[in-house]
Amino acid sequence: MKKPPPLSPNQHQRIEGFCAHRPLLGPETVHIDITNTCNLDCITCWNYAPGLASPKNAAWKKQRMASAIFSRVLSEVAECGVERIILSGAGEPFTHPGIYDFIAAVKAKGLVLTVITNGTLCDFQRLKELGVDQLLINTSSASAATYTTYHPNQPPETFENLIEGVISLAGAVAVNLVQVINALNADELTAMVELAHQAHARASFKLGDTPPGTECCRLDIDRRKTLLEHDIPAAIARAKALGVKHNLAAFAAQLAGSHPLHAPLPCFAGYLYSRVYVDGRVFFCCEHIEVGNVEKADFGTLWLAPAYNAIRQSLHEGLVFPGCARCGKHDMNFVANKQLAMLMNEVAE
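Residues numbered from 1 in each chain as written. Predicted model: local features only at pLDDT ≥ 70, side-chain atom pairs only at ≥ 80, totals over all residues. Heavy atoms only, no water.

Points about the packing of helix H3 (residues 67-79) against helix H4 (residues 99-108)
- The interhelical angle for the contact between H3 and H4, taken along N-to-C directions, is 15°, at an axis separation of 11 Å. Judged by the inter-axis angle, H3 sits roughly parallel to H4. Handedness of the H3/H4 crossing: right-handed. Between H3, through Ser67, Phe70 and Leu74, and H4, the contact on the second element is made entirely by Phe102, Ala105 and Val106.
- In terms of residue class, the contact of H3 with H4 is built from five nonpolar, one polar and no charged. (Axes fitted to C-alpha atoms, helices over the stretch in contact; angles between N-to-C directions. Helix = DSSP H or I, 4+ residues; strand = E, 2+ residues; numbered from the N terminus. Parallel < 35°, antiparallel > 145°, perpendicular 65-115°, else oblique. Left-handed = near helix turned anticlockwise from the far one by under 90°. Contact = heavy atoms within 4.5 Å. Nonpolar A, V, L, I, M, F, W, Y, C, P; charged D, E, K, R; others polar.)

Considering the pairing of strand S4 (residues 134-138)
- The element S4 is largely enclosed, with a buried count of four among its five residues.
- Here strand S3 (residues 112-117) pairs with S4 via four bridges, running parallel. Note on S4: the bridge partner recorded for Ile116 is Leu136.
- The parallel pair S3 and S4, bridged by helix H5 (residues 124-130), forms a crossover whose chirality is right-handed.
- Bridge count between S4 and strand S5 (residues 174-181): five bridges; the pairing is parallel. From the neighbouring strand, Leu136 faces S5, where its bridge partner is Asn176. (Buried < 20%, exposed > 50% of the residue type's maximum accessible area, 1.4 Å probe, protein only. Pairing = 2+ DSSP bridges. Right-handed = clockwise from strand over helix to strand, strands pointing away.)

Concerning the sheet that holds strand S2 (residues 84-88)
- Spatially, S6-S5-S4-S3-S2-S1-S7-S8-S9 is the arrangement adopted by the nine strands of the open sheet, whose pairing is mixed. Each edge of the sheet is formed by a strand with only one pairing partner; in this case those strands are strand S6 (202-207) and strand S9 (290-293). Taken over all neighbouring pairs, the strand axes of this sheet differ in orientation by 25° on average, direction set aside.
- When strand S8 (residues 281-283) meets S9, the two strands line up antiparallel, connected through three bridges. Bridge pairing in S9 places Phe283 opposite Glu290.

Below is the structure:
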């Protein structure tokens, strides 16, 4: 088995902070939501699914972050030692009129930039010119037929144009085709790997949510078992044959860990990650656990404040929030848990 690379000094410091139960450095990644507006209606989206039991109102959907707030937050998180910015939204970031200015501002500070997007509104050539490092493109399908089922307001050509655009980024921008797995697309894991190969992309898998009103898309116990015993091993074998990078081991761990008899991974969010919402609220993680507001204090102050530390300590003590079962940062915790083991081995030696 290939030996993992050694921890960088900053990785060391952040994992040591986790062990000490207090951050010794700012977060590695800050995730900034810039808009709630979206042009798609993903069938299991918490905000835009057609069948939602409690749909969002029009005022919520129009919310977007002001350019002045974005600029200030970016400066504050950079001062804290952040290394990566994620731009996304509760909607689609490319609906924000300032998105390309925001991208340019992040890159001007020398930070690594990931944009989470559905990809349908991107100017792919401009993204290459601006130096975007990575796109996470929510595809949730391996075919035009599944894509249109998952996105009812889109024609088949949207999928075809999207993949063509992704292919045009090869060698310039790293792309993860994000596959949110539920009952609609669980039969396509191997085809999703093959699509990633075709598009010169990485394949990233995660367990899909089923918010109230979309329960028909939930994976039942038998389907989960088949995924773990057959589909995931087959997809891993195909990825190895094609040389496709993937997170199928982490996805399998997430799928198995969703059973109540399995303990969740340790949570490193309070040491590696923070999220700033479109209205300035700061969230501990992808779950809306509020720890402050950038309208009331600068980010560096909030990061070390009692409210933030209280959540850290609660998680160290074993508290689990309702959203932990569908953790959006599962891959981050999966990797950080391995880094923690490496640090413990170094100490033992």
